[in-house]
Amino acid sequence: MSSSYSFLLAGRELDVFLSFSGKVALDLDLGYDLSRNGIKSFKSESWKENTFKPIDQRTLEALTESKVAVVMTSDEEASSVGFLEELMVIVESHEKRSLTVIPIFLTKHPLDVGQVFQSFPERAQIWKTAIAKLDSIAAQYSFSRNLPVIHGTHRIKQIADDIRLMFLSSASSDFKGLAGMDRHMKAFHDLLALESDKEVRTIGIWGGAGVGKTTLARYTYADISVKFQAQIFLENMKEMLLPSEIFQGEDLRGLDHELNELTEAKKKHRKVIFIADGVRNIEQGKWITEYANWFAPGSRVILITQEKSLLVESGVNHVYEVGSLRYDEALKLLSRFAFKQSYPPPDFERLSVRAVQLAGFLPVTIRLFGSFLTGRDKEEWEATLLKLNAKQCKDLMEVWKIMEASEDEEIVEASQS
């Protein structure tokens, strides 16, 4: 795969480093709740190491990349050398750079360190200092202690929500750079009518492939989900069995975690934010709108599809269309990826206009164009745009293949020169 468009698959760096004192702590699935909010985490395995040796390179890299470290501890099993050595690095990173550390003590006494202190007396004092610093950090965070006192799973979700809000706050500047998204967010928020708690409001998002429907839904979810008792984002309704068949019985073992949460929200009449992406037929649409009636007033249910008629026939009364980008938005997005600035340089204005036209004003295709063309001269821009125009590409994968072929040709030419 060519590196020019690896951003489509690679995503950003790690967000959260998960450290565990042992297997008991590991069993708490915070990583799952983080991933539901689009937060990437790394699960350290240092706790498995019972001999004294340096922390492995990948673990150190993950810790360096992360913005938050969550340290989960329990005294139900003896702490290991690997965990304590890792804890020292975490505490040091907290003091030397802006690493946020969130301790989670699963038991009244955070750690069982008697055995490891006896085995490595020369390290005992250093480890004691690191543990004391962790304890001091815990005093500043209300969820750190006595996790079992209130239902553990609920607490873990609260912690995941706290972390999500941290990243949402820090990403606000990135949000402003998303072409057209501020315009869509404002209009869609008006349609959500969050100030009203009198009804379960069902809203549809529709538009062509690649226009940014899911992006709008994700930013909306991140922005408002804290206002609801339950938060559910089904990412691909296309792969579901017929909902009427799935939900006939109450036994949902073996189904996805989100579907279990959906059933719990129905049973307990909770106020829910429920987003279903990729709704493909009227049966799915009607099932969602009917199922929504079981939620508490104030709930918001959002369906995402490419067909407006599907939403109308499913009984969705509030519909929002995500159209293609405007000229100024498209040029701004292309410039961000191709030139790392807000607008194209004068010498590239004409070529940039051609590029956004060929991209059909679709955000995902414009990002691909910009990422591929960055750093290239005018002749290379001309050649690439001519190839794309000749092929009359309508599909992103076709564009991708042409760009891969162009890059392969350059590699061959370079090797022959």
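Residues numbered from 1 in each chain as written. Predicted model: local features only at pLDDT ≥ 70, side-chain atom pairs only at ≥ 80, totals over all residues. Heavy atoms only, no water.

Participant: Report on the confidence of the model for the protein, specifying residues and quantitative values.
Facilitator: Mean pLDDT over the protein: 78, with 75% of residues reaching 70 or higher. With pLDDT under 50 throughout, residues 408–417 is counted as low confidence; its partners more than four residues away or in other chains account for 3 contacts. (pLDDT = per-residue confidence, 0-100. Contact = heavy atoms within 4.5 Å.)

Participant: Any chance you could break down the packing of aromatic side chains for me, citing the residues and the numbers?
Facilitator: To describe a pair of aromatic rings, you give the distance between the ring centres and the angle between the ring planes. What the rule picks out here adds up to 11 aromatic pairs. Ring geometry for F117 and W127: centres 6.2 Å apart, planes at 25°, overall stacked. Residue F117 is located in helix α6 (residues 114–119), and its partner W127 is located in helix α7 (residues 121–138); the two are separated by 10 residues in the primary sequence. The same class applies to F117 and to W127, which are both buried. Judged by centre distance (6.1 Å) and plane angle (65°), the ring pair of F120 and W127 falls under edge-to-face. Looking at F120, the relative accessible area reads 16%, which means it is buried. A relative accessible area of 0% places W127 in the buried class. (Phe/Tyr/Trp six-rings, centres within 6.5 Å; stacked < 30°, edge-to-face > 60°. Helix = DSSP H or I, 4+ residues; strand = E, 2+ residues; numbered from the N terminus. Buried < 20%, exposed > 50% of the residue type's maximum accessible area, 1.4 Å probe, protein only.)

Participant: A description of the sheet that holds strand β5 (residues 201–206) should follow, citing residues and the corresponding values.
Facilitator: Pairing is parallel in the open sheet, where 5 strands are placed in the order β6-β7-β8-β5-β9. The open sheet has two free edges, formed respectively by β6 (230–234) and β9 (318–321), since each of these has just one partner strand. Recorded for the sheet is a direction-independent mean angle of 15° between the axes of neighbouring strands. With 4 bridges connecting them, strand β7 (residues 272–276) and strand β8 (residues 300–305) associate as parallel partners. If you follow I273 over to β8, its bridge partner there is R300. Each of β5, β8 and β9 is contacted by helix α10 (residues 181–192), which is oriented at about 175° to β9, the strand it contacts most. Along the sheet, helix α11 (residues 213–224) contacts β5, β6, β7, β8 and β9; its crossing angle with β6, the most-contacted strand, is approximately 165°. (Pairing = 2+ DSSP bridges. Axes fitted to C-alpha atoms, helices over the stretch in contact; angles between N-to-C directions.)

Participant: So what's going on with the pairing of strand β4 (residues 100–105)? Which residues, and what values?
Facilitator: Extensive coverage of β4 is indicated by the burial of 5 of its 6 residues. Of the strand pairs in this sheet, strand β3 (residues 68–73) and β4 are connected by 6 bridges, and their pairing is parallel. Across the sheet, M72 pairs through a bridge with I104, a residue of β4.

Participant: Break down helix α16 (residues 327–338) for me, with residues and values.
Facilitator: Here α16 contains 12 residues, and its C-alpha end-to-end distance of 16 Å stays within 8% of the 16 Å for a straight helix at 1.5 Å per residue. Within α16 the residues assigned to the buried category are E329, A330, L331, L333, L334, S335, F337 and A338. In the segment just after α16, K340 is the residue with positive phi, at about 60°. (Expected span 1.5 Å × (residues − 1).)

Participant: Describe the packing of helix α4 (residues 57–65) against helix α5 (residues 81–96), with residues and values.
Facilitator: Two numbers describe how α4 lies on α5: the axes approach to 11 Å, and their chain directions differ by 25°. One element, α4, and the other, α5, form an angle in the roughly parallel class. When the axes of α4 and α5 are compared, the crossing they make is right-handed. Residues T59, L60 and L63 of α4 form the contact with α5, whose own contacting residues are E86, V89, I90 and S93. The residue makeup of the contact of α4 with α5, split by class, is 4 nonpolar, 2 polar and 1 charged. (Parallel < 35°, antiparallel > 145°, perpendicular 65-115°, else oblique. Left-handed = near helix turned anticlockwise from the far one by under 90°. Nonpolar A, V, L, I, M, F, W, Y, C, P; charged D, E, K, R; others polar.)

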